[in-house]
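Understanding the architecture of this molecule
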Amino acid sequence: RDEQMQKHLKGYFGESLLRDITELRVSDYQQARKGVVSPATTNRETALLKCMFNKAERWKMYHGVNPVKYVKFLPVGDDRRKFRTLSDEEEERLLTFAPPYLREMIVFGLNTGLRRGDLFNLKWEDVLIEKRSIRLVMQKNRKPLEVPLNDNAFGVIETRLGARKDGYE
């Protein structure tokens, strides 16, 4: 990913010498990228540039103040914090067109809110039948989580209990 971001930086700054990259040019870069990619992506690219200057300074290849030091990162919109759920019609359509072998998994996912990777890595040892919940370590942040199971999700567990095999299923 860094190499991809570096190509964007090089495309904008070209063969500029480090001393020619100023705070103003970095701000201009942010504005130019803002219309093309998300603010979060622009911030990652700016952070990479900042890191590059820090390393150049550490390696004694650049003397002076890091021009990215005082550049503010772009505000990231609230769209990442919006919680979207499927409408009843969308759920019904999804289940109607899903292959039969995936329907239980989809119902379970819709009713637990788990990420795909966490769903596929569930084991029977994660299921707490008596508590009607599942306990797992989230893949993304490695935090333990106990998820209560509503009637629909628990119904999937009950159905699968009969077909249960070692570990996964």
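**Looking at the packing of helix α4 (residues 88–97) against helix α5 (residues 100–112)**
In the contact formed by α4 and α5, the axes pass within 9 Å of each other and the chain directions differ by 155°. Classed by the angle they form, the pair α4 and α5 counts as roughly antiparallel. Crossing angle aside, the handedness with which α4 passes α5 is right-handed. In contact with E91, L94, L95 and T96 of α4, α5 contributes R103, I106, V107 and L110. The residue makeup of the contact of α4 with α5, split by class, is five nonpolar, one polar and two charged.

**Things to note about a nonpolar patch on the surface**
Among the surface-exposed residues, L86, L94 and L110 lie close enough to one another that they form a single nonpolar patch of about 200 Å² accessible area. On the secondary structure map, L94 appears in helix α4.

**Observations regarding the nonpolar core**
F108, L114, L122, I134, L136, L149 and I157 are the most contacted members of the largest nonpolar core, which has 15 residues in total. Where this core is concerned, the elements lending two or more residues are β2 (133–137) and α7 (151–161). Per element, the largest residue contribution to this core is four residues, and it comes from α7. Among the nonpolar cores identified, the runner-up in size contains 13 residues, and F13, L48, Y62 and V68 belong to it.

**Thoughts on helix α3 (residues 39–58)**
Between its first and last C-alpha atoms α3 spans 28 Å; for 20 residues at 1.5 Å apiece the expected length is 28 Å, and the two agree. Those residues of α3 that fall on the buried side of the exposure criterion are A40, T41, T42, N43, E45, T46, L48, L49, F53 and A56. Looking at the buried positions of α3, the neighbouring elements they touch are α1 (2–13) and α2 (23–34). Following α3 by one or two positions, K60 has its phi on the positive side, about 60°.

**What about the sheet that holds strand β3 (residues 144–148)?**
Spatial ordering of the open sheet is given by β1-β2-β3, a layout of three strands whose pairing is antiparallel. Each end of this open sheet is capped by a strand with a single partner; those strands are β1 (127–128) and β3.

**Topic: unusual backbone geometry**
The backbone phi angle of K60 is positive, close to 60°, even though this residue is not glycine. You can see K60 is positioned in the loop between α3 and α4. Relative accessible area serves as the criterion here: at 64%, K60 is assigned to the exposed category. Although it is not a glycine, R132 sits at a positive phi angle of roughly 50°. Along the chain, R132 turns up in the loop between β1 and β2.

Definitions and cut-offs
- Residues numbered from 1 in each chain as written.
- Predicted model: local features only at pLDDT ≥ 70, side-chain atom pairs only at ≥ 80, totals over all residues.
- Heavy atoms only, no water.
- Axes fitted to C-alpha atoms, helices over the stretch in contact; angles between N-to-C directions.
- Helix = DSSP H or I, 4+ residues; strand = E, 2+ residues; numbered from the N terminus.
- Parallel < 35°, antiparallel > 145°, perpendicular 65-115°, else oblique.
- Left-handed = near helix turned anticlockwise from the far one by under 90°.
- Contact = heavy atoms within 4.5 Å.
- Nonpolar A, V, L, I, M, F, W, Y, C, P; charged D, E, K, R; others polar.
- Patch = residues over 30% accessible without salt bridge, like charges linked within 9 Å, V, L, I, M, F, W, Y side chains within 5 Å.
- Areas by Shrake-Rupley, 256 points an atom, 1.4 Å probe, with all protein chains shown as cover.
- Salt bridge = Lys/Arg side-chain N within 4 Å of Asp/Glu carboxyl O.
- Core = buried A, V, L, I, M, F, W, Y, C linked by side-chain atoms within 4.5 Å.
- Buried < 20%, exposed > 50% of the residue type's maximum accessible area, 1.4 Å probe, protein only.
- Expected span 1.5 Å × (residues − 1).
- Pairing = 2+ DSSP bridges.

Geometry only, nothing functional implied.
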